[in-house]
Amino acid sequence: MSDLRPPEHQVAGHRASANKLGPLVDGSGLFYKPLQAGDRGEHELAFYEAFSAHATVPPRIRDTFFPRFHGTRLLPTEARPAEPHPHLVLDDLLAGLEAPSVADIKIGAITWPPSSPEPYVAKCLAKDRGTTSVLLGFRVSGVRVVAPGGAVWRPERPELKALDTAGVRRVLRRYVSTVAGDGTDCALAAAVYGGEGGVLSQLRELKAWFEEQTLFHFYSASILLGYDANAVSASGAGGGVRVKLVDFAHVAEGDGVIDHNFLGGLCSLIKSKVLRGKEISDLLGCGVRRLT
Ligand SMILES: O=P(O)(O)O[C@@H]1[C@@H](OP(=O)(O)O)[C@H](OP(=O)(O)O)[C@H](O)[C@H](OP(=O)(O)O)[C@H]1OP(=O)(O)O
Ligand SMILES: Nc1ncnc2c1ncn2[C@@H]1O[C@H](COP(=O)(O)OP(=O)(O)O)[C@@H](O)[C@H]1O
């Protein structure tokens, strides 16, 4: 068997184990996401096929913000060894990062497509209300931060689900901090969030597309942030900050209408104080206490 394994950098979603399907990597730069049960897997596959071939999606947007789609592949899995399972073959968006610090931020106050059956709406609504989705238009679904020396800070899922808006702000500060444990120094705020090629400028480019595009509504999709903790420095150099979209199992047709749900969440994220330039300069000026 090959060296297929669950990605160490995975921060949210279903994780592969002895009895569960989940994404796999093999070190080749590809990310294999199992087709999910019901019509979800087929739906995500149909999205990738449509999106990859869509003449009106700007190539720059497709190449910068989305994983490239390489078709499907039947792969053996630990959960179902006797029965190869179809997987979406995607670019591994964190490939090449030696020490990936990653955050999965689920965008939108609403995470279910309008066509969803009532029980699913109720389940999602409860999660949206119980997290910051309704209030902020986004929630942090997963995060891992690699500190200098290699220690990984990675809160458990229940802890993330319980975050209020102040908690989300704290996590966004922790994401760009170099201290161990729960502390924050925001030493990497300018390098990761600010500047040319930083998170904020990439989010603004993405937003400009969402202000125009009416092809798709990205319910329950996430923005995946990534940087290399070994390469980024407080002086602002390196790190290859990545801003990507993932999880398209609930994308709906746009039918000529702006995706105001995703756009609203994106604007809210862009406006969040932690990411904004002013706060970054406050942080650099040691105004951290003022912000807590
Ligand atoms: O199954 P659950 O209750 O763990 O929910 C999954 C979510 O986990 P959560 O409980 O919110 O941490 C999970 O959320 P994360 O990606 O972990 O944020 C997904 O929303 C998943 O739906 P899908 O894979 O996007 O279709 C969700 O699966 P479905 O509820 O859509 O089956
Ligand atoms: N193309 C990718 N490259 C690297 N990591 C990815 C990619 N797609 C997803 N991930 C990782 O896997 C996690 C779950 O992905 P997602 O598509 O949301 O799965 P699920 O449908 O199970 O929620 C993300 O939080 C991220 O850590």
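Fair warning: this is a prediction, and the values are worked out from it, not measured in the lab. (Residues numbered from 1 in each chain as written. Chains lettered and ligands numbered in written order. Predicted model: local features only at pLDDT ≥ 70, side-chain atom pairs only at ≥ 80, totals over all residues. Heavy atoms only, no water.)

## Some remarks on the environment of phenylalanine 47
Item 1. Position of phenylalanine 47 relative to the elements: it lies in helix H1 (residues 40-53).
Item 2. Spatially, the C-alpha atoms of phenylalanine 47 and histidine 250 are 9.2 Å apart, while their sequence positions differ by 203 residues.
Item 3. Aside from chain neighbours lying at most four places away, what touches phenylalanine 47 is Phe66, Phe216, Phe218, Phe248 and Val251. (Helix = DSSP H or I, 4+ residues; strand = E, 2+ residues; numbered from the N terminus. Contact = heavy atoms within 4.5 Å.)

## A few points about unusual backbone geometry
Item 1. Of note, the phi angle at cysteine 186 is positive, near 55°, even though the residue is not glycine.
Item 2. Looking at the secondary structure, you find cysteine 186 in the loop between helix H6 (165-174) and helix H7 (189-192).
Item 3. In this structure cysteine 186 comes out as buried when scored by relative accessible area, which is 2%.
Item 4. Phi at aspartate 247 takes a positive value of approximately 75°, unusual for a residue other than glycine. (Buried < 20%, exposed > 50% of the residue type's maximum accessible area, 1.4 Å probe, protein only.)

## Thoughts on the sheet that holds strand E9 (residues 222-228)
Item 1. With respect to topology, five strands assemble into an open sheet ordered E7-E6-E5-E9-E10, the strand pairing being antiparallel. With one partner strand each, in any of the chains shown, strand E7 (152-153) and strand E10 (242-246) form the two edges of the open sheet.
Item 2. Bridge analysis of E9 against E10 gives five bridges, and the strand direction is antiparallel. Bridge pairing links leucine 224 to lysine 244 in E10.
Item 3. Its contacts with the sheet put H6 on strand E5 (100-107), strand E6 (138-146) and E7, and the angle it makes with E6 is roughly 30°.
Item 4. In this fold helix H9 (residues 260-271) packs onto E5, E6, E9 and E10, with an angle of close to 135° to the strand it touches most, E5. (Pairing = 2+ DSSP bridges. Axes fitted to C-alpha atoms, helices over the stretch in contact; angles between N-to-C directions.)

Read these as spatial facts, not as claims about activity.
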